[in-house]
Amino acid sequence: MKKMKRLGAIMLTMLMVMQCVACSGKKEPTNDNPSITPTKGVSDKEQNNPEGEKKSSLYFEDTLSFTWMLAESDIPLKDDILTLNWLRENMNVDIHIMAVPDSDYETKLSTMTATNSLPDVVDVDSNVIESVAGSGMLLNLSDYEKSMPDYIALIEGEDRANNTATYKYNGDIYGFQILEDYRVGIAPLPVIRTDLLEKYNIKTPTSWEELYDAMLIMKENDPNNYVFSTRNGITYLLGNIAYSMGAGGYGATQNGFPVYYEPDQDRYIYGPAKDEFKNAVQYLANAYKDGLLHPDYNIMDRTMVTSYLTSGTLAVVIDNTTFTNSYNNAIQELYPEAYFDMLDPLTYGGNTKARQVTFSKDWDQFTVINSKVERAEDLVKFFNWLYTEEGALLTNYGVEGETYEMVEGTPKLLDSISAIGDYATLRANYGLGTWYIARFVNENTYMDMFKYQEKVTGIAPVNMTQADRIQKLKEEGILVHTQSFPSFTNEETERLTTLETNLNTVFDQEINKFITGQRSMEEWGSFVEELKGMGVAEVEEIYNTAYSRLK
Amino acid sequence: MKTYQRHDELHHIKRMKSFKKSKELYLLLFLPILYFIIFKYGAMFWMVVAFEDYDPIKGVLKSEWVGLKWFKTFLQDPYFLTLIKNTVLMNVWCLLFYFPVPIILALMINEVRQKKLKKVVQTISYLPYFFSVVVICGLIVNVCSLDGLINQILSAFGMEKISFLNKPEWFRPIYVLSEIWQKAGWSSIIYLAALSSVDVQLYEAAVVDGASRLKQIIHISLPGIASVISIQLLLALGEILSVGYEKIMLLYNGATMETADVISTYVYRRGIISADFSYGTAVNLFQAIIGLTTIILANKAAQKAETASLW
Amino acid sequence: MYIVKQKRNRRISGDKIFGFINLFLLLLFVLIILYPIYYMFIVSISGSANVVRGEVKWFPINVNWNSYKTILNNESLGRSYFNTVFYTVAGTSICLFMSALCAYPLSRKNLFGKKFLTFFIVFTMLFDVGMIPKFLVVDALHLRNTVFSILLPSAINVYYMIMIRTFFQNVPEEMLESAKMDGASELRIFFKIMLPLSKPVLASVTLFYAVGIWNSYLSPLLYLDEKKLYPLQLILRNIVISNEMSSMSGDIAAMNISTMNIKYAVIFVSILPILCVYPFIQKYFNKGVMVGAVKG
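Rules used in this analysis
- Residues numbered from 1 in each chain as written.
- Chains lettered and ligands numbered in written order.
- Predicted model: local features only at pLDDT ≥ 70, side-chain atom pairs only at ≥ 80, totals over all residues.
- Helix = DSSP H or I, 4+ residues; strand = E, 2+ residues; numbered from the N terminus.
- Buried ≥ 20, exposed ≤ 12 C-beta atoms within 10 Å, placed from the backbone.
- Contact = placed C-beta atoms within 7 Å.
- Axes fitted to C-alpha atoms, helices over the stretch in contact; angles between N-to-C directions.
- Parallel < 35°, antiparallel > 145°, perpendicular 65-115°, else oblique.
- Nonpolar A, V, L, I, M, F, W, Y, C, P; charged D, E, K, R; others polar.
- Pairing = 2+ DSSP bridges.
- Domains from an automatic or database assignment.
- Expected span 1.5 Å × (residues − 1).
- Core = buried A, V, L, I, M, F, W, Y, C linked by C-beta atoms within 7 Å.
- pLDDT = per-residue confidence, 0-100.

1. Focus: the overall build of chain C
Piece 1. Looking only at helices and strands, chain C features 16 helices and zero strands.
Piece 2. Residue burial in chain C is summarised as follows: out of 296 residues, 47% are buried.
Piece 3. Sequence-distant contacts, at least 24 apart, represent 74% of the contacts inside chain C between residues at least 6 apart.

2. What to know about the overall build of chain B
Piece 1. What chain B contains, in helices and strands, is 16 helices and two strands.
Piece 2. Here the C-alpha coordinates of chain B stretch approximately 85 × 75 × 35 Å along the principal axes.
Piece 3. Burial statistics for chain B: of 311 residues in total, 38% are counted as buried.
Piece 4. Counting only contacts in chain B whose residues sit at least 6 apart along the sequence, the fraction spanning at least 24 positions is 66%.

3. As for the packing of helix α8 (residues 158–169) of chain C against helix α11 (residues 199–215) of chain C
Residues and elements named next belong to chain C.
Piece 1. The N-to-C vectors of α8 and α11 enclose an angle of 175°; their axes lie 10 Å apart at closest approach. As the angle between them shows, α8 and α11 are arranged roughly antiparallel. On the side of α8, the interface is formed by Y160, M163, I164 and F167, while α11 contributes V201, V205, F208 and Y209.
Piece 2. Its residues assigned to classes, the contact of α8 with α11 shows eight nonpolar, no polar and no charged.

4. Thoughts on the pairing of strand β3 (residues 121–124) of chain A
Residue and element names in this part refer to chain A.
Piece 1. Going residue by residue along β3, you find V121 and D123 tucked away on one face and V122 and V124 tucked away on the opposite face as well.
Piece 2. Both strand β1 (residues 64–72) and β3 contribute to a ladder of two bridges, which runs parallel. Considered in β3, the bridge of M69 is made with V122.
Piece 3. Pairing between β3 and strand β13 (residues 366–369): four bridges, direction antiparallel. By the bridge assignment for β13, V124 is matched with F366.

5. Some details on the domain arrangement of chain B
Residue and element names in this part refer to chain B.
Piece 1. According to the domain assignment, chain B consists of domain 1 (2–64) and domain 2 (69–304).
Piece 2. The C-alpha centroid of domain 2 is placed 34 Å from the C-alpha centroid of domain 1.
Piece 3. With six residues of domain 1 at the interface, the matching set in domain 2 holds six residues.
Piece 4. Of the residues contributing to the side of domain 1 that touches domain 2, the split by class is four nonpolar, no polar and two charged.

6. What to know about the interface of chain B and chain C
Piece 1. Opposite the 57 residues of chain B that make contact, chain C presents 66 residues.
Piece 2. Where the side of chain B that touches chain C is concerned, the elements lending two or more residues are α1 (2–44), α5 (100–110), α6 (115–126), α7 (133–144), α9 (168–196), α11 (213–224) and α16 (277–304) of chain B.
Piece 3. If you tally residues by element for the side of chain B that touches chain C, the top one is α1 of chain B, at 18 residues.
Piece 4. Broken down by class, the residue content of the side of chain B that touches chain C amounts to 38 nonpolar, 12 polar and seven charged.

7. Observations concerning α16 of chain B
Structural remark: α-helix, 3.6 residues per turn; residues separated by three or four positions point the same way.
Piece 1. With 28 residues, α16 of chain B should cover 40 Å at 1.5 Å per step; its first-to-last C-alpha distance of 41 Å lies within 8% of that length.
Piece 2. Three or more residues of α16 of chain B are buried, namely F277, S278, Y279, G280, T281, A282, V283, N284, L285, Q287 and A298 of chain B.
Piece 3. Structurally, α16 of chain B contributes buried residues whose contacts are with α4 (105–114) of chain A, β1 (52–53), α3 (69–76), α12 (226–238) and α15 (263–273) of chain B together with α6 (131–140) of chain C.

8. Structural notes on the sheet that holds strand β11 (residues 340–342) of chain A
Within a sheet, adjacent strands bond to each other through the backbone by hydrogen bonds, running parallel or antiparallel.
All names here are of chain A.
Piece 1. The four strands lie next to each other as β7-β10-β6-β11, forming an open sheet whose pairing is mixed. With partners counted over all chains shown, the strands left at the sheet margins are β7 (227–229) and β11, one partner each. Within this sheet the neighbouring strands show an average axis-to-axis angle of 25°, counted without direction.
Piece 2. Two strands pair when backbone bridges link them, and β7 and strand β10 (residues 314–320) are joined in this way by three bridges, in the parallel orientation. What sits directly across from F228, in β10, is V316.
Piece 3. In the packing of helix α13 (residues 324–334) onto the sheet, contacts are made with β6 (188–193) and β11, and the angle to β11 comes to roughly 165°.

9. Digging into the nonpolar core
Piece 1. Core analysis: the largest hydrophobic core is formed by 289 residues, its most contacted members being I129, A280 and L284 of chain A together with I164 of chain C.
Piece 2. The element best represented in this core is helix α4 (residues 75–107) of chain C, accounting for 14 residues.
Piece 3. Apart from the residues within four sequence positions on either side, I129 of chain A is in contact with V124, Y167, Y169, Y174, G175, F366 and V368 of chain A.
Piece 4. By size, the runner-up hydrophobic cluster in this structure holds 15 residues, among which are I269, Y270, A273 and L496 of chain A.

10. Structural notes on the confidence of the model for chain B
Piece 1. Looking at chain B, pLDDT values average 83 and 91% of them are 70 or higher.
Piece 2. Taken element by element, chain B is modelled with least confidence in α1 of chain B, mean pLDDT 74, and with most confidence in α5 of chain B, mean pLDDT 92.

11. Here's the deal with the sheet that holds β3 of chain A
Residue and element names in this part refer to chain A.
Piece 1. Ordered in space as β2-β1-β3-β13-β4, the five strands form an open sheet in which the pairing is mixed. The two strands at the open ends of the sheet, each matched to only one other strand, are β2 (93–101) and β4 (175–177). Across the sheet, the axes of successive neighbouring strands diverge by a mean angle of 25°, strand direction being ignored.

12. Considering the interface of chain B and chain A
Accessible area lost on assembly of the parts is the figure often given for the size of an interface.
Piece 1. Each partner contributes to the interface: chain B provides 20 residues, whereas chain A provides 25 residues.
Piece 2. Of the residues belonging to the side of chain B that touches chain A, the class tally is 12 nonpolar, six polar and two charged.

13. A short note on the environment of G185 of chain B
Piece 1. Within the secondary structure layout, G185 of chain B lies in helix α9.
Piece 2. What G185 of chain B contacts, discounting residues up to four positions off in sequence, is L105, S125, Y126 and Y129 of chain B.

14. Regarding the pairing of β13 of chain A
Residue and element names in this part refer to chain A.
Piece 1. On β13, burial covers both faces: F366 and V368 on one face and T367 and I369 on the other are all buried.
Piece 2. Two elements, β4 and β13, share three bridges in a ladder whose sense is antiparallel. Across the sheet, residue Q177 finds its bridge partner in β13, namely F366.

15. Looking at the environment of S149 of chain C
Residue and element names in this part refer to chain C.
Piece 1. The residue S149 is located in helix α7 (residues 148–151) in this model.
Piece 2. Each C-alpha atom, one on S149 and one on S270, is 22 Å from the other, the two residues being 121 residues apart in sequence.
Piece 3. If we skip the residues at most four places from it in the chain, S149 touches V138, L143, R144, S219, Y223 and L224.

16. As for unusual backbone geometry
As a rule of thumb, non-glycine residues mostly have phi less than zero, and peptide bonds are mostly trans rather than cis.
Piece 1. Even without a glycine there, the phi angle at E408 of chain A is positive, about 50°.
Piece 2. Residue placement: E408 of chain A occurs in the loop between β14 (404–407) and β15 (410–413).

17. Re the confidence of the model for chain C
Residues and elements named next belong to chain C.
Piece 1. Across chain C, the average pLDDT comes to 79, with 86% of residues at or above 70.
Piece 2. Confidence over residues 243–257 falls short of pLDDT 50; this stretch has 49 contacts with residues more than four positions distant or in other chains.
Piece 3. At the level of chain-chain contacts, confidence expressed as ipTM amounts to 0.81, with global pTM at 0.84.

18. Observations regarding the environment of D266 of chain A
All names here are of chain A.
Piece 1. Along the chain, the position of D266 falls in the loop between β8 (259–262) and β9 (267–270).
Piece 2. Owing to 10 C-beta atoms within 10 Å, D266 belongs among the exposed residues under this scheme.
Piece 3. Considered as a pair, D266 and L503 are 237 residues apart in the sequence and their alpha carbons are 23 Å apart.

Encoded structure:
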């Protein structure tokens, strides 16, 4: 009997605990400040902001509260953070962030679309828009064009009208794209140990051939050094090299399918079928044979690449150049003289002019609104506001006096904030930047940090000098942005899915055999014929038909 | 004749009584049955989607009916055979190389005479079973990488390093070996338990006859657990077309795809990531039906051979 | 006589060699199992530079607890840890209760329609419906984003339930009959006789359920929207499967470089409770687990 009682007691406690957690598990009361439920907007607003200075140009009389699904990676996302709190106080907008682990974002998103249970607002990429927009699950923003003048003005501006048009579905807009205002220069270029170049007396490579010779010398001097790799798998490596050598596909393009825009011919091309693509494969196959390409090239992730780079087993990596800073910090703990820096785009085969493709100008990330939301118009107005000067300032720089100050008409991070030193912490602590809610992105905040670092240490961080170089390369036309894909009709999409899946499967399986020497390069021609037999021409035709509709 | 009738009547009365008696038991069963109806059978309803062109907006009930379209598409897909081949091969590998290990392990542990030692060995061998798949896969990547444990051993013996996870021919061995590492100890419990119920007198008699321990194992222990082995084998056969997708998803890449891609990973990519829900469900159903058929056939065979069967 | 003795002696020494080899092989197996676990631990407490250089193999070098400190300072990790403990304790209790409740009537000989019921239940085992339909059910019941979405949908694992049932079946019928004579209700028999008698099997099944819940990530991922409800596995996956997001979208490299040490420290912390609890439950295994399963 005693035992029974004890059991009963345990169960009761358990139930109570469960209830508690259950309560806290329910959706947060959407309003953190119950006092802000004004009936007469203006007067209440003044009541809340007695100074009357922090007024926002947009204010909702009834609290506009919504859930926003975002991917969370290393940067923790919080509701209670500077920017979101500012919105609550000054605009009566209550954003509740639904942070989904980045590693499983796709799974969650897909389940939610399958069951038509998307939250109010979701961040997706263009592929998702393409596959979901037709179902009517997403709000058609074109119906609200009048409420989003600032966004429309941006996407129809001279510099991006062509590009953003490709993201329309059946001619309509379905998502607010993350747009670039100012971005720290970034490109998928080779990053190399310049100290080793000096040590072995190698001239800084300007062509792929010279890079190859440089890598050979490094290998000779240090046989334990595998010299080069990437952390994004073979297609990434191939794509970036291939573009440089006159073909393209993969690499910095947004899609997992190797169709790319060839500026020389003004049309979309299936990269691997182009003659020049062979050069890239040959290059990597040679590198593998000579022991220059790390045999684990396909399985490296961030941790692995970093540990190889910092232990001296890798000297060259083709990657997002902004990682250079972190590599330097890490390796200098072990080898103080070590220094990574990027190479300018390389020429190939006697060409005098290099060409290199970099990431798209704007982000392939869109904020879509669930068509079931009640206050669609207000939501559109709010998102439009994020693209205004005022909205961009808040989401990138934070709050005046707290995180930034105005110097001669331009915002500048306070020194105390710049002293943080790394952007991850800046974003995490104040809710700034792309991984939070910035939609019109201004990365001058990072430049402020670099400048501050330079002022304190006397050394300009490598990312700062790289940014200048990349900017110049863009102006010279050597570095071009990836062109996005045109949008397709439903039938086209269906056909493409089948063709692309089959082509990718065969390509993925065979390409590594060519690189590791299991298949001889002499068979490349017949392999390309095999690919062509699987509908390469049809794929290209679909892309270019869609493209011609845009023009 | 009469006796038969009476027997029937008796039987009937017994049944009625049994139902009345069962009333209380049914009361206890109420919650569990409710659970199965809601969470299991309720969810099974979704399988209808395999015969529809599912549209999330219209829902399961109102989506367009397309019959066997998706099954046909799958069967005609040139990739279909590769998938089947990979899935079956992966399971055959497991049957050949994984399946015997727990049995051998159990026999070996059973032969340990020192009680404490036996316990320690058991305890440790079960341990890895409790790690989640991500953890296991993190370990595998680490151990199999070029600077990993295996390659360090290889190079210590002067052999060439191998990038294991980049080679299609190594995928199945790695997969099976990691299964052994993680689960062999655990699966051996069932055989150990069976071994403990083998009659001790048989061993004593064998000792008197002068049989060696190896002979005892072959002639007493193994036959003693034969029925358990055959049941486990039947269960394994039922899963001939299913391999968990999670582990493979975490381990494969373009290079190893040609041996690593199995039905479940394909379903995950098509059905979940590419949001091809109807198609994914159809393939899933196909897989389940094949699994059910295999297990029934295997069971029939087992019944004929008069070894233990599942039912 | 002499000859027989000699033969026996030879046999005994042969058996001794056999026992020795057997033991040796087993210990080798144990080492293979233990080393990776040990390795994770020494990496997590060694200096990161030493780990990167590949110096850490057998013993930790430059022992420090920095990675553990980093983890302890991580807010979401702490909370998710608490959540996991809660889900595991509460979930296991529910699972255990429901499974035993289901197993008891099925173990009784005189249950009406027993065959059909068993089939009705076992059938669900053969069809794995996938994650979307499960999500639909949870959504329809309005359980989404509540702890119940984690606790209820997998309350009964058929395999474990059958294990318990078989154990119940082995409880001598006379005991139950005599209790019935005394006028005890089935409910009373269940609680007062069956459950106390079945400690071994219940303990084992407890561990199975607990491990299952501890390691599950798919249901929490799909059913929970609120970060403060996330269990440890979700966070763990995010750390172990290092994401490549910032490179693919061409975002500026925003993250700090996560080191091996931290990765392994997180892994180690995530398996620690099981390492602690497990030895206490293990003693029930041989009695419990398999009396159930073998005959099932």
